[in-house]
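Below are the chains, spelled out letter by letter.
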Amino acid sequence: MTNLIIEHVEVFACTPPVRGSTWTPEQPEPCTTHTFIRITTRDGVVGSAATDAYTSHHRDAVLAETLRDMIPDLIGRSALDREALWLHFHPKAYARSAQAQALIDVALWDIAAQAAGQPLFKLLGGYREQIDAYASTPVLATPHAYVEAVQQLAERGYRAIKFHCWCDPARDLEMIEQVQRAHADKGLALMLDVEQRYDLNAALRVGRVLGELGYAWFEAPLDDYDLAGYQQLTARLNVPVLAAGNAITDYRLVAFAVRQHCWSRVRVDVMTCGGITPALKIIHNAAANGIQVELQSWGHALAQAANLHLMLGQPTSSYFEQACEYELFEFATANPIRTNPRGKVTAPGNAGLGLEIDWAQIERCADIHLRQ
C-alpha cells in the first residue's frame, strides 16, 4: 500500500431526528446537518470525515454540493498527496468552502494512519495518550439550574466546565456569582462563552469579574472580526481571552491576529479552518509566538475525533470540549468519544480516526448521496 490511489468518493448529508439545544437565548433550536465523506483507495483503505452545519429551518445542502464539484479532482490521485491537494483546492481566484476542504483533508489523514496501522495521533506527533475534558453546557433556564448542573457534572468526574449563557451581562454575572458561592471549594476550571454577543464595555465588566475568580478563559466576548476590541480585552483583562474561532480561520489571517496580540490563545476547529494540514500550520505559528491553540471539538463524533487526535498529537490544547448533549453528535457511531469518570478523554483504539461508523444507517438516512 505505497500509492493509495483514490478510486471513488462518496458524500452523504443527513439530518438527525433530534434538533440540538441553543447556545444563545434568541437562537431557535438549530437544524443540524451531518455531512460525511468516504474516500476509498484501490487498496481498499477507506478514510472518512464528517462536519456539521446548523441552520434555522431546513437542512443544509451547500456543503455537499460544493464537494460535488471537488470530487472529480480526487479520483486517480494518491491519498498521500495531502498538502498538494489542499493547495489545489485553495485557489486565489475564488473561495472554496473551508469545511469542504477539511472533509477531504481529514479523510486523507485517516487513510494515511490506517495504512500505517496506527491511531492518527501517533502520526501527528504522539505527544500524549489522554487529555482533560470540559463539559460544554447548553443555555439553561435559571442561575439555580447552572448550580445544579455543575454539581451533577462534578459528580460525573468533570474537573472543568464551560457555560453557554444568556449573553446578558447582568444575568450572566448573577449566574457566575451563584455558581461561585455554591462550588468555589471544588477546584473546578470554569469558562464562560458568550457567543460574540457583548460589546466592549460589557466584556470588560464581566471579564474583570472572571479574572478575579480565576476563570480558565473568557470565550467569544466580541464579534470575531473585532480585532481591535480583542486587542483591548487581551491587554486589559487578567482572564485569558479567546475568540469564537469560527470566522477568522485562514492560517495566514490567524497568524496576523497572533502578531497583533489580539487573543491570549488561538481558538480554531480542524473542521472549519480547512483540515488538519492548515491546523498544523496554525499550531506551529502559535507555538513560535508562545501561545496555545485551544482546539474546538464540538460536532459529530468524526469531527470530535479529528480535533482530539490533533490535541493528543501536539502539545497545544488544555482541554477537549465535550458537548453535554451527547446523542445528537453520535449519529451512526458505534464507539463514540465520551469523557471517563476521571474527567479525561482518550482516542478510540483503532487505527486512523478509530471510530466505527454504521454506513448502512447513513445511507438509509441520507437526504443527499453523491458518488464517483
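Residues numbered from 1 in each chain as written. Predicted model: local features only at pLDDT ≥ 70, side-chain atom pairs only at ≥ 80, totals over all residues. Heavy atoms only, no water.

J.: Could you give me a rundown of the pairing of strand β1 (residues 6-14), with the residues and numbers involved?
T.: In terms of burial, β1 is largely enclosed, as 8 of its 9 residues are buried. Relative to strand β2 (residues 31-41), β1 is paired through 8 bridges, and the arrangement is antiparallel. Note that in β2 the partner of His8 across the bridge is Thr40. Where β1 meets strand β13 (residues 366-371), 5 bridges bridge the pair, whose relative direction is antiparallel. Bridged to Glu10 within β13 is Arg371. (Buried < 20%, exposed > 50% of the residue type's maximum accessible area, 1.4 Å probe, protein only. Helix = DSSP H or I, 4+ residues; strand = E, 2+ residues; numbered from the N terminus. Pairing = 2+ DSSP bridges.)

J.: Describe the environment of Pro72, listing the residues and the values that go with them.
T.: Relative to the helices and strands, Pro72 resides in the loop between α1 (62-70) and α2 (82-88). Put simply, Pro72 and Ala154 are 82 residues apart on the chain and 49 Å apart in space, counted from C-alpha to C-alpha.

J.: Would you mind going over the environment of Thr339 in detail, with residue names and values included?
T.: Tracing the chain through its elements places Thr339 in the loop between β11 (320-323) and β12 (344-346). Along the backbone, Thr339 and Pro30 are 309 residues apart, and their C-alpha atoms lie at a distance of 24 Å. Side chain to side chain, Thr339 and Tyr158 meet in a polar contact 3.5 Å long. A distance of 2.9 Å separates a polar atom in the side chain of Thr339 from a polar atom in the side chain of Gln322. (Polar contact = N/O pair within 3.5 Å; in protein donor to acceptor, adjacent residues only side chain to side chain.)

J.: So what about the state of the cysteines? Which residues, and what values?
T.: Within this structure, the stated rule accounts for 0 disulfides. Residue Cys365 stays outside any disulfide, its sulfur separated by 6.1 Å from that of Cys14, the closest cysteine. (Disulfide = S-S within 2.5 Å.)

J.: I'd like a description of the packing of aromatic side chains, backed by residues and values.
T.: What the rule picks out here adds up to 11 aromatic pairs. Relative to Trp217, the ring of Tyr134 lies with its centre 5.6 Å away and its plane at 85 degrees, an arrangement referred to as edge-to-face. On the criterion of sequence distance, the pair formed by Tyr134 in strand β4 (residues 130-136) and Trp217 in strand β7 (residues 217-219) is long-range, its members being 83 residues apart. Pair check on accessibility: Tyr134 and Trp217 agree, each one buried. Judged by centre distance (5.5 Å) and plane angle (70 degrees), the rings of Trp298 and Phe329 are edge-to-face. Placement of the pair is Trp298 in the loop between β10 (293-295) and α12 (301-313) and Phe329 in the loop between β11 and β12, with a sequence separation of 31 residues. Using a relative accessible area of 1% as the deciding quantity, one classes Phe329 as buried. Linked through ring pairs, Phe12, Phe36, Phe331 and Trp359 together constitute an aromatic cluster. Note that Lys281 overlies the ring of Tyr251, its terminal NZ or CZ placed 5.7 Å from the centroid. (Phe/Tyr/Trp six-rings, centres within 6.5 Å; stacked < 30°, edge-to-face > 60°. Lys NZ or Arg CZ within 6 Å of the ring centre and 35° of its normal.)

J.: Tell me about the side chain of Thr35, and name the residues and values.
T.: Secondary-structure assignment places Thr35 in strand β2. Among the residues examined, Thr35 registers a relative accessible area of 1% and is labelled buried.

J.: A description of helix α9 (residues 251-259) should follow, citing residues and the corresponding values.
T.: Looking at α9, one finds that the buried residues are Val254, Ala255, Ala257 and Val258. When α9 is viewed along its axis, its buried side chains cluster within an angular range of 160 degrees and face the same direction. Where α9 is buried, its residues meet α8 (227-236), β9 (266-268) and α11 (276-288). One side-chain oxygen at the N-terminal end of α9 lies 2.9 Å from the backbone nitrogen of Arg252; it belongs to Asp250. Phi turns positive, to about 55 degrees, at His261, one or two residues after α9. (Arc of directions from axis to C-beta. Contact = heavy atoms within 4.5 Å.)

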